[in-house]
Amino acid sequence: MIAVDLGNFVARRNPPYGYDTDLSLQSLSMMRYDLLTIGEKEVSWGLDELDEALAGHDLRVISNNVLDAETEKPRYDPWAILEAGKIKVGVSAVIGGQSIVPRTLKEREGIVLEDPIASSRRALEQLKKKGAHVTVLLAHAGMESAEEYADSLPGYDVILVGHGRRELKEPQKKNGVILMAGGARSDKLGALTVVWEDGYIRTFEGTTLNLRQDDGPFDPEIRAVTWEKMQLDEKGNRIRQRKPADRVEAEKKKEEEKRVASEQHKKYLGIDNCVVCHADVEAYWKTTIHSRAYATIAESDDWNNPKCWNCHVTGFGERTGHSRRELQPELWNVQCESCHGKGTEHVRGPDRKKVNEATCRKCHTPEWSPDWNYREYLSRIVCTNATRKGRG
């Protein structure tokens, strides 16, 4: 039996389930995989980093069309001869199709990709010279490209297809070449059996096996590696880890410090600052009752009653807003920031506080505005009218 991997065997850099590339390589080594080839994930992960990781495991990578950009020589062995009983199996590998974008490889990884047909044909010639009875191409290229390879490379007996989610429940034969695809995920295993006799493949059969984490039995050593490192329960599910109490408290404290620091930077600026950009809106605002809100209490017996200031000045009682203890003319009346929020937040970007009926209802209560109607009064205030007139 021969075991091969068709590429994309490295783990993501920020794995959500606790696994990593070293664990993947360790598992492949323990399962005695004979050969691996590379896919786009290995290239994206970094081939120098991959080679360093492979050095610690008994695993062999082949690829016939990944060339060093400077020397134009193969980065990996282009082919290998394996023995299955008395049969010599010649294996080569290629990456191509839609699995990778070649134009960035030279600068990023120091590699170039040779035409997969030309490089695979050359590898096939070498396999024949070495006396291979059965020839196999590991094609990390997707099914569509692999079918093209079958048309152009009829000398191969078998093409095993990697990349893409398409899988074949049974192998197919195209132009005399056996095609087999086992799917794209690690819980899928493609199995192909060929009977070679008197110089020919007499029969073949295959299938795609669906593996599950809770299927067994498991080798105790492999189970110890995967279950313990990945922190799985007996059913193969991820064990939820609770954060230590001190860590939770530290994170809460940090978030509160960030919130306080953010609040420290928020300030009311007053309409004199708003008018720098919104002079047309300010001009219309002066014709509305909002611009005379303070005058209505200043001319009444409640001029010195803080309870009335809340709806007749800007930011009353809030940090940097109108003071509770002194009169601040620059924040008199219902100004822009009364509805749209502190000016510092507006000038940092285009977003403003969303104004809706609830915003208005903070002051226009049934007690103080019994006849107030949101839609009717909305048409009378500065922003809406100024915008409709093309002035805001």
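Refer to the structure printed above.
Residue numbers restart at each chain and count upward from 1, following the sequence in its written direction. A pLDDT threshold of at least 70 governs which residues receive local features in this predicted model, and a stricter bar of 80 or more applies before side-chain atom pairs are shown or counted, although totals over entire chains, interfaces and linings include all residues. By convention in this description, side-chain values take in all heavy atoms of the structure and omit both hydrogens and water.

Participant: Before we move on, can you summarise the layout of surface pockets with the specific residues and values?
Facilitator: Residues are said to line a cavity or pocket when one of their atoms sits within 4 Å of a point; the points come from a 1 Å grid over protein atoms alone, cavities being sets where a 1.4 Å probe fits but cannot get out and pockets being open sets with protein on both sides within 12 Å along at least five of seven lines. Grid points are joined across faces, edges and corners, and a volume is the space filled by probe spheres set on the points. Taken as a whole, the second largest pocket spans an internal volume of roughly 1,300 Å³. The secondary structure listing takes helices from DSSP runs of H or I that are at least 4 residues long and strands from runs of E that are at least 2 residues long, numbered from the N terminus. Breaking the lining of the second largest pocket down by element, the ones donating at least two residues are helix 11 (293-298), helix 12 (306-309), helix 13 (336-340), helix 15 (357-361) and helix 16 (374-378). Looking at the lining of the second largest pocket element by element, the count peaks at four residues for helix 13. Throughout, the ten residues Ala, Val, Leu, Ile, Met, Phe, Trp, Tyr, Cys and Pro are labelled nonpolar, Asp, Glu, Lys and Arg are labelled charged, and all others, Gly among them, are labelled polar. In the lining of the second largest pocket, the residues fall into 18 nonpolar, 14 polar and 11 charged.

Participant: Explain the state of the cysteines to me, and be specific about the residues and the numbers.
Facilitator: The disulfide criterion is simple: two cysteine sulfur atoms within 2.5 Å. Per the counting criterion, the structure on display carries one disulfide. Just so you know, Cys336 is unpaired, no disulfide at all, and the nearest cysteine sulfur is the one on Cys274, 4.1 Å from it.

Participant: Residue-level account of helix 6 (residues 143-152), with values.
Facilitator: Residues three or four positions apart in an α-helix share a direction because the helix packs 3.6 residues into each turn. Only protein chains enter the accessibility calculation, which uses a 1.4 Å probe. A residue is then buried if its area is under 20% of the maximum for its type, exposed if over 50%, and partly exposed in between. Of all the positions in helix 6, only Met143, Ser145, Ala146, Tyr149 and Ala150 are classed as buried. Around the axis of helix 6, the buried residues are gathered within 155° of arc, so they sit on the same side. Those residues of helix 6 hidden inside the fold are in contact with strand 5 (87-95), helix 5 (116-129), strand 7 (134-140), strand 8 (158-162), strand 9 (172-174) and strand 10 (177-181). Note that the arc is defined by the directions from the helix axis to the C-beta atoms. By definition, residues are in contact when any of their heavy atoms lie within 4.5 Å.

Participant: An account of the sheet that holds strand 7 is needed here, citing residue identities and associated values.
Facilitator: By this definition, two strands are paired if DSSP reports at least two bridges between them. Judged by pairing direction, the sheet is mixed, and its six strands sit side by side in the order 4-5-7-8-10-9 without closing on themselves. Strands at the two margins of the open sheet, each flanked by one partner only, are strand 4 (79-84) and strand 9. On average, each strand axis in the sheet is inclined to that of its neighbour by 30°, with strand direction left out of account. Bridge analysis of strand 5 against strand 7 gives seven bridges, and the strand direction is parallel. The residue of strand 7 that forms the bridge with Val94 is Ala139. Orientation is described by axes fitted as lines to C-alpha atoms, over the contacting stretch for helices, and by angles from 0 to 180 degrees between their N-to-C directions. Lying on the sheet, helix 5 is in contact with strand 4, strand 5 and strand 7; it crosses strand 5 at an angle near 165°.

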